[in-house]
Structure formats: C-alpha cells, structure tokens
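Residues per chain, in single letters:
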Amino acid sequence: MYTSTFIFEAKPYDDEFHRFNDEIAARARVIPGFLGEEEWHNEATGLHAEVYHWETLEALQQLIGMPVHKEAKGVHERWIGAYRVVIAEVISVYGERGLGLEHVPPAVETA
C-alpha cells in the first residue's frame, strides 16, 4: 500500500478551488486501487493535511497524471501557501484498519 499526503497552509477558497477539489477527489475515488482518504486540520498551526491511500504506486500515478490535477497545480498559489507532499510505502497497518478513512470503496471496507 502507498499513501500520498498533502500538507499545506490554506488560503481563502473560492468557487474555482471547490470545482477543482471536487473534480479531482471524485476522479481519484474511481481509480482502481484507490483505498480511501482522510483529512486532518491543525487549528493551532492552521495546517491542513489530506492523505490518500492506494493499493499500488501505479494507481497513485494515475491521479498525479490527470490533466485536471496538473491544471490545478498550475494555479495553486491562489489557495495554498507553503506545502509539502509525502509519498510513502506503507509496510504495515495496526489497529482499526479503516479508522479515520472516508470515501472507502465498498470492496475495501470488508478487507
């Protein structure tokens, strides 16, 4: 399993941000190999994190290669300040497997 974590300082969002965000999320959720997502906010620092879980690196690369993802990256400075992206290979998962995950495909929920 792989994760892609996007940690960033959020600026004010507008309708175009939400259009990009909603379309990218919807497209990611139907990629074969998508396992779920989670998001976290740190009120003290103002940082936001989105973590997508993937069965394979190839599935993750489909998200990265989407034209709408590339288009959004080209104008991200309007909505996002400093950011960091972490791509990680997950060696093991302990405890409640789906804790915190949203938009988990039905086939994955029971796995």
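The rules behind each value
- Residues numbered from 1 in each chain as written.
- Predicted model: local features only at pLDDT ≥ 70, side-chain atom pairs only at ≥ 80, totals over all residues.
- Heavy atoms only, no water.
- Pairing = 2+ DSSP bridges.
- Helix = DSSP H or I, 4+ residues; strand = E, 2+ residues; numbered from the N terminus.
- Axes fitted to C-alpha atoms, helices over the stretch in contact; angles between N-to-C directions.
- Contact = heavy atoms within 4.5 Å.
- 1 Å grid on protein atoms, 1.4 Å probe; cavity = no way out; pocket = protein on both sides within 12 Å on 5 of 7 lines; lining within 4 Å.
- Points joined across faces, edges and corners; volume = space filled by probe spheres on them.
- Nonpolar A, V, L, I, M, F, W, Y, C, P; charged D, E, K, R; others polar.
- Core = buried A, V, L, I, M, F, W, Y, C linked by side-chain atoms within 4.5 Å.
- Buried < 20%, exposed > 50% of the residue type's maximum accessible area, 1.4 Å probe, protein only.
- Parallel < 35°, antiparallel > 145°, perpendicular 65-115°, else oblique.

Participant: Teacher, can you tell me more about the sheet that holds strand β3 (residues 47-54) here?
Facilitator: The strands making up a sheet associate through hydrogen bonds between their backbones, and the pairing can be parallel or antiparallel. The four strands lie next to each other as β2-β3-β1-β4, forming an open sheet whose pairing is antiparallel. Edge positions in the open sheet fall to β2 (34-42) and β4 (80-89), since each of these has one partner strand only. Each strand axis lies, on average, 15° off the axis of its neighbour in the sheet, ignoring direction. Two elements, strand β1 (residues 2-10) and β4, share eight bridges in a ladder whose sense is antiparallel. Opposite Tyr2, over in β4, you have Glu89 as the bridge partner. On top of the sheet, helix α1 (residues 15-29) reaches β2 and β3; it is set at about 25° to β3, its chief contact. Where helix α2 (residues 57-65) meets the sheet, it contacts β1, β3 and β4, and its direction lies at approximately 130° from that of β3.

Participant: Before we go on, may I ask you to explain the layout of surface pockets in this structure?
Facilitator: Any space left empty among the atoms is revealed by the rolling of a water-sized probe across them. The volume enclosed by the largest pocket comes to roughly 630 Å³. Looking at the lining of the largest pocket, the elements that each hand over two or more residues are β1, α1, β3, α2, α3 (67-74) and β4. Looking at the lining of the largest pocket residue by residue, the classes come out as 15 nonpolar, five polar and two charged.

Participant: Quick question: what am I supposed to make of the nonpolar core here?
Facilitator: Most often, soluble globular proteins have nonpolar side chains that are buried together. Counting residues in hydrophobic clusters, the biggest one holds 19 residues, and the most contacted among them are Ile31, Tyr52, Trp54 and Leu63. Every element with two or more residues in this core is listed here: β1, α1, β3, α2 and α3. With five residues, α1 is the single largest residue contributor to this core. Residue contacts for Leu63: discarding those within four places in its chain leaves Ile24, Ala28, Ile31, Trp54 and His69.

Participant: Teacher, can you tell me more about the packing of α2 against α3 here?
Facilitator: Angle between the axes and distance between the axes: these two values describe a pair of packed helices. Running from N to C, α2 and α3 point in directions that differ by 55°, and their axes come no closer than 5 Å. Here α2 lies oblique to α3, going by the angle between them. Residues Leu63, Ile64 and Gly65 of α2 pack against Pro67, His69 and Lys70 of α3.

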